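# Inside the fold
Below are the chains, spelled out letter by letter.
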Amino acid sequence: MSANLDLVHSILASWERGDFSASEWAHPAIEYVIADGPSPGAWKGLDGMAEGAKANIDAWEEFRFVADGYRELDDERVLALVHWVGHGKRSGLELGQIRSEGAQIFHVRAGRVVRFAHYWDRDRALADLGLAE
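What comes next concerns the included structure. The structure presented is a predicted model; accordingly, all values stated were derived computationally and were not measured. (Residues numbered from 1 in each chain as written. Predicted model: local features only at pLDDT ≥ 70, side-chain atom pairs only at ≥ 80, totals over all residues. Heavy atoms only, no water.)

## Describing the environment of His107
Here is the rule we go by: Helix numbers and strand numbers start at the N terminus; a helix is a DSSP run of H or I with at least 4 residues, a strand a run of E with at least 2. Should any heavy atoms of two residues lie within 4.5 Å, those residues are counted as being in contact.
With respect to the secondary-structure elements, His107 resides in strand β5 (residues 101–109). Separated by 63 residues in the primary sequence, His107 and Lys44 place their C-alpha atoms 14 Å from one another. If near-sequence neighbours (up to four positions away) are discounted, His107 is found in contact with Glu76, Arg77, Arg112, Val113, Val114 and Arg115.

## Focus on the sheet that holds strand β2 (residues 41–44)
Heads up, the rule is: When DSSP locates at least two bridges between a pair of strands, those strands are taken to pair. An axis is simply a line fitted to the C-alpha atoms; with a helix, the fit covers only the stretch in contact. Between two such axes, the angle follows the N-to-C directions and lies from 0 to 180 degrees.
A sheet is described by the order of its strands in space; here six strands give the open sequence β2-β1-β6-β5-β4-β3, paired in mixed fashion. Sheet topology places β2 and β3 (60–72) at the edges, where each strand pairs with a single neighbour. Across the sheet, the mean angle separating the axes of adjacent strands is 20° when strand polarity is ignored. Those strands touched by helix α2 (residues 45–57) are β1 (26–34), β2 and β3, and its axis lies near 35° from that of β1. Across the sheet, helix α3 (residues 122–129) lies against β3, β4 (77–88), β5 and β6 (112–119), angled at about 165° from β4, the strand it touches most.

## Some details on the packing of aromatic side chains
For clarity, the cut-off: Side-chain rings of Phe, Tyr and Trp (the six-membered ring for Trp) are treated as a pair once their centres are within 6.5 Å; stacked means planes under 30 degrees apart, edge-to-face means over 60, and tilted covers the remaining angles. Burial classes: relative accessible area under 20% of the type maximum marks a residue as buried, over 50% as exposed, and values in between as partly exposed (1.4 Å probe, protein chains only).
Under the definition given, this model contains eleven aromatic pairs. Taking 5.6 Å as the distance between ring centres and 35° as the angle between the ring planes, the aromatic pair formed by Tyr32 and Trp43 counts as tilted. You can see Tyr32 sitting in strand β1 and its partner Trp43 sitting in strand β2, a full eleven residues away along the chain. Across this residue pair, the class does not change: Tyr32 and Trp43 are buried. Here a set of aromatic residues connected by ring pairs shows up, and it is made of Trp15, Phe20, Trp25, Tyr32, Trp43, Phe65, Trp84, Phe106, Phe116 and Trp120.

## Here's the deal with the pattern of salt bridges
For side chains of opposite charge, pairing can occur when their charged atoms come near one another. Our working definition: When a carboxyl oxygen of Asp or Glu is within 4 Å of a side-chain nitrogen of Lys or Arg, the pair counts as a salt bridge.
All chains considered together, the criterion is met by five salt bridges. Here Arg115 makes a salt bridge to Glu31, at a shortest N to O gap of 3.3 Å. Here the residue Arg115 occupies a position in strand β6, and Glu31 occupies one in strand β1, the gap between them amounting to 84 residues. Assessed through its relative accessible area of 26%, Arg115 is described here as partly exposed. According to the relative accessible area criterion, Glu31 is partly exposed, its value standing at 25%. With a closest N to O distance of 2.8 Å, Asp74 and Arg77 form a salt bridge. Overall, the relative accessible area of 33% leaves Asp74 in the partly exposed class.

In structure tokens, the structure reads:
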């Protein structure tokens, strides 16, 4: 397993436990992108990433990502296929009741993630990358 794949695997291992507190994996000037879904946008830096992630996670309880697979795209990019677990704070809606298969693209340089793109829609991520699942 490559160093980039190891890094992404370790990040998602924490997220699978619902632990989003670590950020040492992220470059201080990270670009954080939510490409689609209810709150798309782009943020810069660690504070920006925290702000963008909070906007998407705050509506859910017991929210966590679960990795379905990984694919190295090239020397800098790792694709993680994911799904979500959790339920709505107000609605009680289980994420499994709605489409919950997404993807994340990690751009890694010198052992740090410099760009992180999150897709709520896995098919859109694969189409943007020119890949078929």
